[in-house]
Amino acid sequence: MILALVDCNNFYASCEQLFDPRLRDRALVVLSNNDGCVVARSARAKEVGIPMGAPWHQLKDQARRHRVVALSSNYALYGDLSARVMQVLSGYSPQQEVYSIDECFLDLTGALPSPAACGRAMRSEVLRLVGLPVSVGLGPTKTLAKLANHFGKKRPEFEGVCPLHELPAAEQERLLAQVPASEVWGVGRRISQSLEGLGIRTALQLKKASPAWIRRQFSVTLERTVRELNSEPCLELMAGPARRRQILCSRSFGTLISELAPLEEAAAAFARRATEKLRDQKLLAGSVSTFLRTNPHREDHPQHFPSLCLPVQPTDDLRRITAAALNALRRIYRSGYAYQKTGVILTDLTPVERRQGDLFDDPVQLGRSQALMEAMEHINRSMGSGTVKLMAEGSDPRWAMKADNRTPRYTTRLDELPVAKAVSRKKISPYSGT
Ligand SMILES: [Mg+2]
């Protein structure tokens, strides 16, 4: 078996640079929800030492010195470009596991003329058709493909594609000896610290450890990692659209919220987003949960983390799902807390074909419900999400996220299409000041 792991380089930053050439050589960072922390860095931002995950407000001095551009997350853009990358890659293998927004595994066993040639073709094809740089790692197991990807990305001699399985054994060992064990997939910081206490510091040392001993010292999970490092596949490729077990929609608010009314509007908006995903996947929900969270970092605030799950007759009707989500919210809400986040989770998902007529379900009502949902979808698809929505969402979302410096949604909004002459477009100014 030969698996490929394809990973986009600096994904969010590369998406932004693709549409704004002025950003190509700049130190660029993308910030998390509410412009909190650094979640992506361009190559230049890495060079000047901007740390991943750091809160932006702590970086202001460094940012000014290196003229760092900070952008809010533009999830509509990243999601759309991700779908295009995955689409191009899916042409190279019938077995594709989309592992995250910017990574997928592909089974390239028996690929012609060779898996390595296929890897190089994928890299140039994604660059040509989508415009984004990717790195490709190839190996006989997922863990080795991941590690190969790391080499492909970090070592210029591979030019973005590392076919680890084709290298002589001695060369493979030399590479593995230079990688800290913490870089191996599935070895977190805590495990790598314990490993270090046992004298295991590199990927090569982990590979040479006895699987049985590792299982006794740690877990069967880490034992699998050791076996995978020795080319023994233990982790299956999960190809095909995995049947979702749940659909979750949730966001942190731009400010803390204490009153019920704006929480209801937020929960209604998340219920709509969740229902859109549910209907896209042709599923029905049998339970609707709503949760609330205060800010756990505000130790001076009283904390409240309630949630409630309500069963419903399996449905994909927005009105029923919203009603259940709001019902749950009103039952868990307590005044006197400053809430940071709410969310709606749909569970007990079943395919829509298995809709069971309830004794009390009126077929005429069901037909009307479907017609209404389809009409809403049609309008929202052609005129923009949220053009038609339930009153429960309100019209002035006080709960909305902070995203002060988001770039246009170039590929998914007609009114935000890039223009050739840069006259009508808002100039992107670095957060750090001019
Ligand atoms: Mg990546």
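Residues numbered from 1 in each chain as written. Predicted model: local features only at pLDDT ≥ 70, side-chain atom pairs only at ≥ 80, totals over all residues. Heavy atoms only, no water.

## Some words on the domain arrangement of the protein chain
Thought 1: As far as domains go, the protein chain holds domain 1 (1-141 + 404-434), domain 2 (168-242) and domain 3 (247-393).
Thought 2: Relative to domain 3, the C-alpha centre of domain 2 lies at a distance of 41 Å. (Domains from an automatic or database assignment.)

## So, the nonpolar core
Thought 1: Grouped together as the largest cluster of nonpolar side chains are 32 residues, with contacts concentrated most on Leu89, Leu106, Leu108, Met122, Val136 and Leu138.
Thought 2: Contributions of two or more residues to this core are made by β1 (3-8), α1 (11-19), α4 (75-90), β6 (103-107), α5 (115-129) and β7 (134-139).
Thought 3: If one sorts the elements of this core by residue count, α4 sits on top with seven residues.
Thought 4: Look past the residues within four positions of leucine 106 in its chain and what remains in contact with it is Ile2, Leu3, Ala4, Val6, Leu89, Ser93, Gln95, Gln96 and Met122.
Thought 5: Membership of the second largest hydrophobic core comes to 26 residues, among which are Cys249, Ala266, Leu278 and Leu349. (Core = buried A, V, L, I, M, F, W, Y, C linked by side-chain atoms within 4.5 Å. Buried < 20%, exposed > 50% of the residue type's maximum accessible area, 1.4 Å probe, protein only. Helix = DSSP H or I, 4+ residues; strand = E, 2+ residues; numbered from the N terminus. Contact = heavy atoms within 4.5 Å.)

## Here we look at the packing of helix α12 (residues 260-280) against helix α14 (residues 363-383)
Thought 1: Orientation of α12 relative to α14, taken along the N-to-C sense of each, is 105°, at an axis distance of 12 Å. Relative to α14, α12 is oriented roughly perpendicular. Here Glu276, Arg279 and Asp280 of α12 come into contact with α14, specifically with Gln370, Met373, Glu374, Glu377, Asn380 and Arg381.
Thought 2: Along the lines of polarity and charge, the residues of the contact of α12 with α14 split into one nonpolar, two polar and six charged. (Axes fitted to C-alpha atoms, helices over the stretch in contact; angles between N-to-C directions. Parallel < 35°, antiparallel > 145°, perpendicular 65-115°, else oblique. Nonpolar A, V, L, I, M, F, W, Y, C, P; charged D, E, K, R; others polar.)

## Here we look at the sheet that holds β1
Thought 1: Spatially, β5-β6-β1-β7-β8 is the arrangement adopted by the five strands of the open sheet, whose pairing is mixed. Edge positions in the open sheet fall to β5 (96-100) and β8 (161-163), since each of these has one partner strand only. Taken pair by pair, the neighbouring strands of this sheet meet at an average axis angle of 15°, ignoring direction.
Thought 2: Note that β1 and β7 share six bridges and pair antiparallel. The residue bridging aspartate 7 from the neighbouring strand is serine 135, located in β7.
Thought 3: Running at roughly 140° to β7, helix α6 (residues 142-154) makes contact with β1, β5, β6, β7 and β8 of the sheet. (Pairing = 2+ DSSP bridges.)

## Quick look at the state of the cysteines
Thought 1: Enumeration according to the criterion identifies zero disulfides in this entry.
Thought 2: Its sulfur unpaired, cysteine 15 is 7.2 Å from the next cysteine sulfur, which belongs to cysteine 8.
Thought 3: For cysteine 15, a relative accessible area of 0% translates into the label buried. (Disulfide = S-S within 2.5 Å.)

## A few points about the side chain of glutamate 16
Thought 1: Along the polypeptide, glutamate 16 turns up in helix α1.
Thought 2: Buried and without a salt bridge, glutamate 16 has arginine 406 as its closest oppositely charged side chain, separated by 7.7 Å.
Thought 3: One polar contact links glutamate 16 to threonine 407, side chain to side chain, over a distance of 2.6 Å.
Thought 4: Apart from the residues lying within four places of it in its own chain, the contact partners of glutamate 16 are Leu23, Leu28, Val30, Leu71, Ser72, Asn74, Leu77, Tyr78 and Thr407. (Lys, Arg positive; Asp, Glu negative; His and termini not counted. Salt bridge = Lys/Arg side-chain N within 4 Å of Asp/Glu carboxyl O. Polar contact = N/O pair within 3.5 Å; in protein donor to acceptor, adjacent residues only side chain to side chain.)

## Observations regarding the pattern of salt bridges
Thought 1: Across all of its chains, the model carries 23 salt bridges by this definition.
Thought 2: A salt bridge links arginine 330 to glutamate 264; the nearest nitrogen and oxygen atoms lie 2.7 Å apart. Note that arginine 330 is positioned in helix α13 (residues 318-332) and glutamate 264 in helix α12, a separation of 66 residues in sequence.
Thought 3: Residues joined in a network through salt bridges with shared partners are Arg215, Glu223, Arg227 and Glu232.

## Considering the sheet that holds strand β2 (residues 28-31)
Thought 1: Spatially, three strands are ordered β3-β2-β4 in an open sheet, and the strand pairing comes out mixed. For this open sheet the edge positions go to β3 (38-41) and β4 (69-72), each flanked by a neighbour on one side alone. Averaged over all neighbouring strand pairs, the angle between strand axes comes to 30°, with direction disregarded.
Thought 2: Looking at chain direction, β2 and β3 are connected through three bridges and run antiparallel. Bridging across to β3, valine 29 finds its partner in arginine 41.
Thought 3: Contacting β2, β3 and β4, α1 crosses the sheet at an angle of about 115° to β2.

## Let's talk about α12
Thought 1: Under the 1.5 Å per step criterion, the end-to-end length of α12 is 30 Å for 21 residues, consistent within 8% with the ideal 30 Å.
Thought 2: Summarising burial for α12: 15 of the 21 residues are buried, a large majority.
Thought 3: One or two steps after α12, the chain reaches lysine 282, where phi turns positive at roughly 55°. (Expected span 1.5 Å × (residues − 1).)

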